[in-house]
Amino acid sequence: MSSPTTSHPELLRPRPVPRPGNWVAAAIVLVLVAMLVNGLLTNPNYRWDVVGQYLFDERVLRGVVWTLLLTVAAMALGITLAVATAIMRMSANPVLQGVAWVYIWFFRGTPVYTQLVFWGLISVLYPRLSLGIPFGPEFFVFDTQDVINATVAAILGLGLNEGAYLSEIVRSGLNSIDKGQWEASTALGMKRSTTLRRIIIPQAMRVIVPPTGNETISMLKTTSLVVAVPFTLELTFVTQAIGNQTFLPVPLLIVAAIYYLVITSILMVGQHRLERYYGRGFDGNDVTPTKKGVGKRQQAILASGTAKGAPYLDVTP
Amino acid sequence: MIHADGVHKFFGDLHVLKGVDLTVERGEVCVLLGPSGSGKSTLLRCINELEQISAGRMWVDGELMGMREVVKGDQVQLHRRTDKDLSRQRAKIGMVFQRFNLFPHMTALDNVMEAPIQVLGLRKRDARQRALDLMERVGLSDRTDHYPGQLSGGQQQRVAIARALAMDPQLMLFDEPTSALDPELVGEVLGVMKELATSGMTMVVVTHEVGFAREVADQVVFMDDGEIVERGTAAEVIDNPAQRRTKDFFAKVL
């Protein structure tokens, strides 16, 4: 603060410490990048002409749309299941706790590929689905094939598997909220469900969103496994099929890789925006919630504000 | 208003409250004093059932907290209240915490509006008006749109008081409301509490502010080791204690 009587001081402009290492590193990286680009562009085996030819091929574009549809549908199913099972595991009802635990145990403990094969075979294992009382009368009967086609099987397989992983992320998010928040809500007479919906989950989103974005990006590429169902319309299968027909697998792999990279980049932007949105009100230094189950040392690290974000499980399958 | 009758509390093997009897009349300000770990905060948390008592009876506003008595023939059984019933009981009791516990993702005004809308079912417009009035009462009309993280500790605690008052409680509990504050911010919070006491609110206050107890307490209760050692007016308990433990304590803090 300068008072009106004192003149504005001349600001210091010291010369920065020279950092020649930066320039050396830049030069080395520049050379390496030039070599890489040169190698990519001049190597005739990549067949960039074929890449260009198929980049906007109708079958490829349809494959991109199917991949996106599978990703969105599977994540929607996964998030729904994850929130439900995470809340079930925190419930006072031991039956719900047990059901959620077994769900996570099974779907996280078996390979997603195996699960997809299973969902593909379900109409062989159970030709008929019926709704009724066990050993008693049946009310509705379906042909399994009519209900669970390849698309549904792929979404169920991916979504159920993803839900088990996301459930742990959601649970760690819910547990990361200071118990003072529960106490304040309880003391105000708020019900458990209201507290979860209005107080705990909005705060936990800050912890839940970053790893969920990570999971979404991971899911984008896991969709390539649905060939196990078999589901044959998504990007990886379509490009491979074209590559095999034309005996040019490499350029079509590049086509697929380009699309995965583009979509991932778009998802990263979306994830960044979501993180900023859920960071509301957390900028003050004195609002560091104490994290349950975190050691004293890690708590000190968090309190220092040097490590922003939260300690979440990295659980990419 | 409050009638605790032989209240015991165990945390596992730890005997935290050892048969506490306490009566607080409507409109009375009761200040609980005593060394750390004497059970003051636990007693306070038993009043609104944030902790369940292990033995005895806790009556608030003529109702047994957390339980109800069911007469079966010539026997009286205790049944736990449902979550819904307990929420109804707690909604009548305001509580202010040492660490404020404001909702960090909501503005100060939204913090105050939240429970009246969600619990009392007030319309948004009415809750807003009530919240604005209360923010004025605690002297924070110019901070309604700030998030808790942008407020000082004293301001946060005053928002927390407004939030509790928004439920139109019959009783206010204060759990060391100034202990987490920088010394220069203590006065503004005590000021709001004094105004509240003058307005006739029934209050139970756990604090280390002996001056506050002298000024506004109708009843001062000194606790040590899970028991009430001495009770009476501030003049009796603080300035002229009869018991050794009380004398030792005030000799140290005064």
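This one's a predicted model, so the numbers in the text were calculated from it and none came from an experiment.

Asker: Please provide a residue-by-residue account of the overall build of chain B, values included.
Answerer: Helix and strand counts for chain B stand at nine helices and 12 strands. Relative to its length of 254 residues, chain B is compact, with a C-alpha radius of gyration of 19 Å against a globular reference of 18 Å. Overall, the C-alpha framework of chain B stretches about 55 × 50 × 35 Å when taken along its three principal axes. Within chain B, buried positions represent 55% of all 254 residues. Accessible area for chain B stands at about 11,100 Å²; split by element, carbon and sulfur atoms hold 45% of it. Each charge sign in chain B was given a centre, from 31 positive and 37 negative side chains, and these centres are 4 Å apart.

Asker: Account for the packing of aromatic side chains, naming residues and giving values.
Answerer: Residues and elements named next belong to chain B. By the definition in use, this model includes nine aromatic pairs over all chains. Ring centres of F222 and F250 lie 5.9 Å apart, and the angle between their planes is 45°; this geometry places the pair in the tilted category. Of this pair, F222 sits in strand β11 (residues 219-224) while F250 is found in helix α9 (residues 244-253), placing the two residues 28 residues apart along the sequence. Accessibility expressed as a relative area gives 0% for F222, which makes it buried. If you follow R99 out to its NZ or CZ, it ends over the ring of F100, 5.9 Å from the centre. The cationic tip of R163 hangs over the ring face of F103; the distance from NZ or CZ to the ring centre is 4.6 Å.

Asker: Tell me about the UniProt feature "domain: ABC transmembrane type-1" (unreviewed entry) in chain A, and name the residues and values.
Answerer: The sites that UniProt annotates as "domain: ABC transmembrane type-1" (unreviewed entry) are residues 64-271 of chain A. For residues 64-271 of chain A, the end-to-end C-alpha separation is 20 Å, with 77% helix and 5% strand making up the annotated structure.

Asker: Explain the sheet that holds strand β3 (residues 29-33) of chain B to me, and be specific about the residues and the numbers.
Answerer: Residues and elements named next belong to chain B. Spatially, β8-β9-β10-β3-β11-β12 is the arrangement adopted by the six strands of the open sheet, whose pairing is mixed. The open sheet terminates on both sides in strands that have one partner only, identified here as β8 (93-96) and β12 (227-232). Within the sheet, the average angular offset between the axes of one strand and its neighbour, ignoring direction, is 15°. Relative to β11, β3 runs parallel, the two sharing four bridges. Its bridge partner lying in β11, L33 is registered against F222. Sheet strands in contact with helix α5 (residues 153-165) are β8 and β9 (171-175), and its direction is about 170° off that of β8.

Asker: Mind laying out the packing of helix α8 (residues 179-187) of chain A against helix α9 (residues 192-222) of chain A, listing which residues take part and the relevant values?
Answerer: Residues and elements named next belong to chain A. The N-to-C vectors of α8 and α9 enclose an angle of 145°; their axes lie 10 Å apart at closest approach. As for how α8 packs across α9, the hand of that crossing is right-handed. Facing α8, whose interface residues are Q181, W182 and S185, α9 presents R192, T195, L196, I199, I200 and Q203. In the contact of α8 with α9, the residues fall into four nonpolar, four polar and one charged.

Asker: Explain the pattern of salt bridges to me, and be specific about the residues and the numbers.
Answerer: Taken as a whole and judged by the stated rule, the model has 25 salt bridges over all chains. A salt bridge links E195(B) to R137(B), with the nearest nitrogen and oxygen atoms 3.2 Å apart. Taken as a pair, E195(B) in helix α6 (residues 183-198) and R137(B) in helix α4 (residues 124-137) lie far apart in primary sequence, 58 residues in all. The class for E195(B) is partly exposed, based on a relative accessible area of 35%. Each member of the salt-bridge network shares a partner with another, and the members are K179(A), E183(A), R45(B) and E51(B).

Asker: I'd like to hear about the nonpolar core, residue by residue, with values.
Answerer: Core analysis: the largest hydrophobic core is formed by 74 residues, its most contacted members being I47(B), M58(B), L171(B) and V204(B). At nine residues, helix α7 (residues 150-175) of chain A tops the list of elements feeding residues into this core. Setting aside residues up to four positions removed in sequence, L171(B) forms contacts with M1(B), I2(B), I47(B), V60(B), K92(B), I93(B), G94(B), M201(B), T202(B) and V204(B). Counting residues in each nonpolar core, the second largest holds 51 residues, with V29(B), V96(B), L151(B) and A234(B) among its members.

Asker: Break down the side chain of Q271(A) for me, citing the residues and quoting the values.
Answerer: Topologically, Q271(A) is positioned in helix α11 (residues 249-278). Ignoring sequence-local partners within four residues, the contact set of Q271(A) consists of V209(A), P210(A), G213(A), N214(A) and I217(A).

Asker: Describe the interface of chain B and chain A, with residues and values.
Answerer: With 27 residues of chain B in contact, the opposing surface of chain A contributes 24 residues. When residues of chain B are sorted by the area they lose upon contact with chain A, F103(B), P104(B) and H105(B) head the list and together hold 27% of the total. For the pair chain B and chain A, the interface holds two salt bridges. A salt bridge links E114(B) to R198(A); its shortest N-O distance comes to 2.6 Å. At the boundary of chain B with chain A, the tally comes to six residue pairs in polar contact (both at pLDDT 80 or more).

Asker: An account of the pairing of strand β6 (residues 67-72) of chain B is requested, with residue identities and associated values reported.
Answerer: All names here are of chain B. Pairing between β6 and strand β7 (residues 75-80): six bridges, direction antiparallel. Within β7, the position partnered with R68 by the bridge is H79. Where β6 hands over to β7, the hairpin turn is made up of two residues, of which G73 adopts a positive phi near 65°.

The rules behind each value
Residues numbered from 1 in each chain as written. Chains lettered and ligands numbered in written order. Predicted model: local features only at pLDDT ≥ 70, side-chain atom pairs only at ≥ 80, totals over all residues. Heavy atoms only, no water. Helix = DSSP H or I, 4+ residues; strand = E, 2+ residues; numbered from the N terminus. Rg over C-alpha atoms; globule rule 2.2 N^0.38 Å. Buried < 20%, exposed > 50% of the residue type's maximum accessible area, 1.4 Å probe, protein only. Areas by Shrake-Rupley, 256 points an atom, 1.4 Å probe, with all protein chains shown as cover. Lys, Arg positive; Asp, Glu negative; His and termini not counted. Charge placed at Lys NZ, Arg CZ, Asp CG, Glu CD. Phe/Tyr/Trp six-rings, centres within 6.5 Å; stacked < 30°, edge-to-face > 60°. Lys NZ or Arg CZ within 6 Å of the ring centre and 35° of its normal. UniProt positions renumbered as here; feature names shortened; annotations may be inferred. Pairing = 2+ DSSP bridges. Axes fitted to C-alpha atoms, helices over the stretch in contact; angles between N-to-C directions. Contact = heavy atoms within 4.5 Å. Left-handed = near helix turned anticlockwise from the far one by under 90°. Nonpolar A, V, L, I, M, F, W, Y, C, P; charged D, E, K, R; others polar. Salt bridge = Lys/Arg side-chain N within 4 Å of Asp/Glu carboxyl O. Core = buried A, V, L, I, M, F, W, Y, C linked by side-chain atoms within 4.5 Å. Buried area = accessible area lost by both parts, 1.4 Å probe. Polar contact = N/O pair within 3.5 Å; in protein donor to acceptor, adjacent residues only side chain to side chain.

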